[in-house]
There are 2 protein chains.
Amino acid sequence: MNTDYSKQGLKQTEARSAVVMILGNSNGPLDVAGIKEELEKLDLKVDQATVYRILNTFHEKGIVKRIEIGEGKYRYEIEKEHHHHLVCTNCGKIEDIEIDLSDDFDREVFKKKGFRVESHSLEFFGVCELCQK
Amino acid sequence: MNTDYSKQGLKQTEARSAVVMILGNSNGPLDVAGIKEELEKLDLKVDQATVYRILNTFHEKGIVKRIEIGEGKYRYEIEKEHHHHLVCTNCGKIEDIEIDLSDDFDREVFKKKGFRVESHSLEFFGVCELCQK
DNA sequence: ATTGTTGCAAAAGCTTTGCACCAGC
DNA sequence: GCTGGTGCAAAGCTTTTGCAACAAT
């Protein structure tokens, strides 16, 4: 769980380590309220402004990824191997899925529109396995 | 520009017709501020609460689609043939693109996770043709 | 006449900011 | 000691809500 802070010009603080750990142990992307809850479970009192600042800093440095799934707010997750999300419209669960959007798509986009793709986000909405029963 | 309101139990009002027309004539998804600007150009004074209520109603009825592209707010567009978006990280322009995410992806998701896909959203981020020059 | 729609004003939810103080390096 | 991080309180922005008046069917 050692994010090389110094390389990025960042200082290591209790709050930052905790946020990295919390996101690392979560099985889905967390919103700020969720992160604050976990911090409280660890008996860490961290101001909301600080949480937002930590997340913004981490986002700029590429340590966390910011995602939106139609809730009108952000969720955050550790930046890891690129993946996509399955959002259950029944229970709200968010699962990761690793499927490969091949480079063919980027090439197709470039060919059709002259647009140079640098990244993408892909979310699936539907019904998770449990909610189908 | 005739959305069959009555079938949906909706009443036809000036504000609603204007919103449909504005979104129909826009070349990219608009946020609420943008819609209000267009309404003002038409000399229509429509309260922001009303704009939000119109958009929410239209969204529920499947008349408009709500999208998020990492801005912390919603944008709206007329629900038409399914397509995706190219978001230029330099100038902010949002283009539509029609590429086909084949059903193979839905099948792959179901096979891997038992998740029944109903819809998806896919956005590409990168540099548009003009901004490359 | 009924029912849905709007305006107004207030509030709610998420996120940011200014500033003084404090901690990591 | 310097630089950057934090807490606190206030504000900013987007979106929602209650209620009374109004308009469409």
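Refer to the structure presented above.
Read on for a plain summary of the structure. Sequence order as written defines residue numbering, which begins from 1 separately in each chain. A letter from A marks each chain and a number from 1 marks each ligand, given out in the order of writing. Per-residue local features are limited, in this predicted model, to residues with pLDDT of at least 70; the limit for side-chain atom pairs, both in listing and counting, is 80 or more; totals at the level of whole chains, interfaces and linings are taken over all residues. Just so you know, side-chain values use all the structure's heavy atoms and leave hydrogens and water out.

## Details of the relation of the copies chain A and chain B
To keep things clear, this is the line we draw: To line up the copies, we fit them by least squares on C-alpha atoms, keeping just the residues with pLDDT of at least 70 in both.
With an RMSD of 0.1 Å, chain A superimposes on chain B once it is rotated by 180° and translated 0.0 Å along the axis. Within this description, the copies of the chain are treated as partners about a two-fold rotation axis. Identified as the residue of chain A closest to the rotation axis by C-alpha distance is Leu-122 of chain A, at 2.2 Å.

## What to know about the interface of chain A and chain B
As a reminder, the rule being used: Throughout, a contact is declared for two residues whenever any of their heavy atoms are within 4.5 Å. Simply put, the buried area is the total loss of 1.4 Å probe accessible area from both parts when two parts are fitted together. Salt bridges, as used here, are contacts in which a Lys or Arg side-chain nitrogen is within 4 Å of a carboxyl oxygen on Asp or Glu. Nitrogen and oxygen atoms within 3.5 Å of one another constitute a polar contact, given that in protein one can donate a hydrogen and the other can accept it, and given that sequence-neighbouring residues count only through two side-chain atoms. Put simply, DSSP H or I for four residues or longer makes a helix, DSSP E for two residues or longer makes a strand, and each gets a number counted from the N terminus. Amino acids are sorted into nonpolar (Ala, Val, Leu, Ile, Met, Phe, Trp, Tyr, Cys and Pro), charged (Asp, Glu, Lys and Arg) and polar (every other residue, Gly among them). Paired strands are those between which DSSP finds at least two bridges.
Each partner contributes to the interface: chain A provides 42 residues, whereas chain B provides 42 residues. Taken over both partners, the interface formed by chain A and chain B buries close to 3,400 Å², and the fraction arising from carbon and sulfur atoms is 57%. Broken down residue by residue, the surface that chain A buries against chain B is led by Glu-68, Lys-113 and Phe-115 of chain A, which jointly contribute 18%. Along the contact surface separating chain A from chain B lie zero salt bridges. Taken together, the connections running from chain A to chain B amount to 22 residue pairs in polar contact (both at pLDDT 80 or more). Put simply, the parts of the chain that give the side of chain A that touches chain B at least two residues each are strand S3 (84-88), strand S4 (94-97), helix H4 (103-113) and strand S5 (116-127) of chain A. No other element matches S5 of chain A, which puts 12 residues into the side of chain A that touches chain B. A breakdown of the residues in the side of chain A that touches chain B according to their chemical character gives 18 nonpolar, nine polar and 15 charged. Looking at chain direction, S5 of chain A and strand S5 (residues 116-127) of chain B are connected through 11 bridges and run antiparallel. Bridging from a neighbouring strand, Val-117 of chain A pairs with Gly-126 of chain B of S5 of chain B.

The analysis is restricted to geometry; functional conclusions fall outside its scope.
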